[in-house]
Amino acid sequence: MEGPPGAALPHFKPMRLRFALIAACLVLASPAYAQGRIQIVTTTTDLRSLTEAVGGERVVAVSLVPANMDAEEYQPKPQDVLRLKNARMLVRVGLDYDLWVDRLLVQAGKPELRRGGAGYVDTSFAIAVLELRGMSVGPGDGHAHGSGNPHYWLDPKNAEIITGTILETLARIDPANTAIYESNRLAFLARLNAKIAEWEAKLAPLKTMPIVAYHNSWPYFARRFRLDFVAFIEIKPGVPPSPSHLAGIIQTMRIRGVQVVVREPHEPERDVAFVAGKAGAQVVTLAASVGALPRTDDYISLFDVNVEALASVAKR
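Calculation notes
Residues numbered from 1 in each chain as written. Predicted model: local features only at pLDDT ≥ 70, side-chain atom pairs only at ≥ 80, totals over all residues. Heavy atoms only, no water. Helix = DSSP H or I, 4+ residues; strand = E, 2+ residues; numbered from the N terminus. Buried < 20%, exposed > 50% of the residue type's maximum accessible area, 1.4 Å probe, protein only. Contact = heavy atoms within 4.5 Å. Areas by Shrake-Rupley, 256 points an atom, 1.4 Å probe, with all protein chains shown as cover. Phe/Tyr/Trp six-rings, centres within 6.5 Å; stacked < 30°, edge-to-face > 60°. Lys, Arg positive; Asp, Glu negative; His and termini not counted. Salt bridge = Lys/Arg side-chain N within 4 Å of Asp/Glu carboxyl O. Polar contact = N/O pair within 3.5 Å; in protein donor to acceptor, adjacent residues only side chain to side chain. Expected span 1.5 Å × (residues − 1). Core = buried A, V, L, I, M, F, W, Y, C linked by side-chain atoms within 4.5 Å. Pairing = 2+ DSSP bridges. Axes fitted to C-alpha atoms, helices over the stretch in contact; angles between N-to-C directions. 1 Å grid on protein atoms, 1.4 Å probe; cavity = no way out; pocket = protein on both sides within 12 Å on 5 of 7 lines; lining within 4 Å. Points joined across faces, edges and corners; volume = space filled by probe spheres on them. Nonpolar A, V, L, I, M, F, W, Y, C, P; charged D, E, K, R; others polar.

Undergrad: Please provide a residue-by-residue account of the overall build of the chain, values included.
TA: Assigned secondary structure in the chain consists of 11 helices and 8 strands. Residue burial in the chain is summarised as follows: out of 316 residues, 47% are buried. Considering only intrachain contacts with a sequence separation of at least 6, the fraction spanning at least 24 residues in the chain is 63%. Carbon and sulfur atoms form 58% of the exposed surface of the chain, whose accessible area is close to 15,500 Å².

Undergrad: So, the packing of aromatic side chains: which residues are in play, and what are the values?
TA: Evaluation of the coordinates by the stated rule reveals 10 aromatic pairs. Ring geometry for Phe-221 versus Phe-303: centroids 6.3 Å apart, planes at 15 degrees, classification stacked. Remark: Phe-303 occurs in helix α11 (residues 299–315) and Phe-221 occurs in helix α8 (residues 219–225); sequence separation between them is 82 residues. With respect to burial, Phe-221 and Phe-303 carry one shared label: buried. Among the aromatic residues, those joined into a ring-pair cluster are Phe-188, Trp-199, Trp-218, Phe-221, Phe-225, Phe-229, Tyr-299 and Phe-303.

Undergrad: Can you lay out the side chain of Glu-234 for me, pointing to particular residues and giving the numbers?
TA: With respect to the helices, strands and loops of the structure, Glu-234 is situated in the loop between β6 (228–232) and α9 (243–256). This buried residue, Glu-234, is left without a salt bridge; Arg-263 holds the nearest opposite charge, at 11 Å. A polar atom in the side chain of Glu-234 sits 3.1 Å from the backbone nitrogen of Gly-238. If we ignore the near neighbours within four places in the chain, the residues touching Glu-234 are Tyr-214, His-215, Val-239 and His-245.

Undergrad: Lay out helix α6 (residues 158–173) in plain terms, naming residues and giving numbers.
TA: Between its first and last C-alpha atoms α6 spans 23 Å; for 16 residues at 1.5 Å apiece the expected length is 22 Å, and the two agree. Within α6 the residues assigned to the buried category are Asn-158, Ala-159, Ile-162, Thr-163, Thr-165, Ile-166, Leu-167, Thr-169, Leu-170 and Ile-173.

Undergrad: Give a description of the nonpolar core that names residues and reports values.
TA: In terms of nonpolar packing, the biggest core is built from 75 residues, with Ile-166, Leu-170, Phe-188, Leu-192, Trp-218 and Phe-221 touching the most fellow members. If near-sequence neighbours (up to four positions away) are discounted, Phe-221 is found in contact with Leu-154, Asp-155, Leu-203, Leu-227, Phe-303 and Leu-310. Residues Tyr-214, Ala-231, Leu-246 and Ala-276 belong to the second largest nonpolar core, which totals 15 residues.

Undergrad: I'd like a description of the pattern of salt bridges, backed by residues and values.
TA: In total, this model carries 15 salt bridges according to the counting rule given. For Arg-58, the salt bridge goes to Asp-174, with nearest N and O atoms at 3.5 Å. Of this pair, Arg-58 sits in the loop between α3 (45–55) and β2 (59–63) while Asp-174 is found in the loop between α6 and α7 (178–203), placing the two residues 116 residues apart along the sequence. Arg-58 sits in the partly exposed class, given a relative accessible area of 25%. In this structure, Lys-195 and Asp-304 form a salt bridge, with 3.1 Å as the shortest nitrogen-oxygen distance. Placement of Lys-195 in helix α7 and of Asp-304 in helix α11 is noted, with a sequence separation of 109 residues between them. What makes Asp-304 partly exposed here is its relative accessible area of 21%.

Undergrad: Can you tell me about the sheet that holds β2, naming the residues and giving the values?
TA: An order of β2-β1-β3-β4 is seen for the 4 strands of this open sheet, with the pairing classed as parallel. The two strands at the open ends of the sheet, each matched to only one other strand, are β2 and β4 (120–122). The mean inter-strand angle of the sheet, taken between neighbouring strand axes irrespective of direction, is 20 degrees.

Undergrad: Describe the environment of Glu-182, naming the residues involved and giving the relevant values.
TA: Within the fold, Glu-182 resides in helix α7. With 19 residues separating them along the chain, Glu-182 and Thr-163 place their C-alpha atoms 9.7 Å apart.

Undergrad: For empty space enclosed by the protein, give the residues involved together with the corresponding values.
TA: Within this structure, the stated rule accounts for 2 cavities of 30 Å³ or more. Volume-wise, the largest cavity comes out at about 100 Å³. Taken together, 16 residues line the largest cavity, and the ones lying closest to its centre are Tyr-97, Glu-264, His-266, Ala-288 and Ser-289. When its residues are assigned to classes, the lining of the largest cavity shows 8 nonpolar, 5 polar and 3 charged. Taken together, Thr-44, Thr-45, Val-65, Pro-66, Ala-67, Met-69, Ala-71, Tyr-97 and Ser-289 form the lining of the second largest cavity.

Undergrad: Run through the pairing of strand β1 (residues 38–42), naming residues and quoting values.
TA: Summarising burial for β1: 4 of the 5 residues are buried, a large majority. Where β1 and β2 come together, 5 bridges link them in parallel fashion. In the sheet register, Thr-42 faces β2, and the bridge partner there is Ser-63. Sheet analysis places β1 next to strand β3 (residues 89–92), joined by 3 bridges and oriented parallel. Paired with Ile-40 across the strands is Met-89, a residue of β3.

Undergrad: Tell me about unusual backbone geometry, residues and numbers included.
TA: Phi at Leu-95 takes a positive value of approximately 55 degrees, unusual for a residue other than glycine. You can see Leu-95 is positioned in the loop between β3 and α5 (100–108). A residue is classified by how much of its surface remains accessible, and Leu-95, at 16% relative accessible area, is buried. Of note in the backbone geometry, Glu-131 takes a positive phi value of approximately 60 degrees without being a glycine. The residue Glu-131 is located in the loop between β4 and α6 in this model. You can call Glu-131 partly exposed: its relative accessible area is 27%.

Structure, rendered in structure tokens:
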């Protein structure tokens, strides 16, 4: 029903605003809008988070390996090839950690994303690699860390090197926005460095405490925070323990007075619970990757959660 001349129809403005909001959301979700941002594929959630820290709103980053899965054992999916076909940049861990991505790059047919290409990023470049030693890999050897331990992102100071490598490639493929990327990176590192001082203070009481872990993910984390990982439940990375190996771990724990056993969420609970129970230790679950535990939504919160979990042990 019409009102008096010149009068507004009831609810017209709210409805118009609602349609405008819907239209804006459709634009933001459209392929055309996404194409205006740089499409980036990372192998892991950790590298996705660090890429987003540098790229900000100028990039759209997706990770291939789910947060709750070991990237060393990841089985690529057909949609991963399509993601690479649509990407302008690939960011990988390197050090033989994500070797499977090389096959995907061949299938994607994008030479610019392969080794030496303009959009190729191996973030292990310039990292001081730990446990670097010659190692043959044969049947039953699991995923031996022959090129050095690949879990270098678990030293938060290494984020300075990782983000620098990401920045260099972003500046090469999108030079017009180099200043934005530099500013994003510096702001992120300022936040991170303040947090590192906080984390070091919280973990200081654990400096002399011996720790056992299931998998050898923690040498960089241990070096940064002066922790003492004395043994690993796996015989080798990716090789489950034998009964005799478990017996040796329990003996080591009793001799060294180990009170903490660390496991990651995707690792089997049985062997961890067994050695912890026999030695009278407690199990602490830590996330080695962003998103592997609740509240580990980005790189900084990953360390927040892990540090709190370990610090709570010292308070008991």
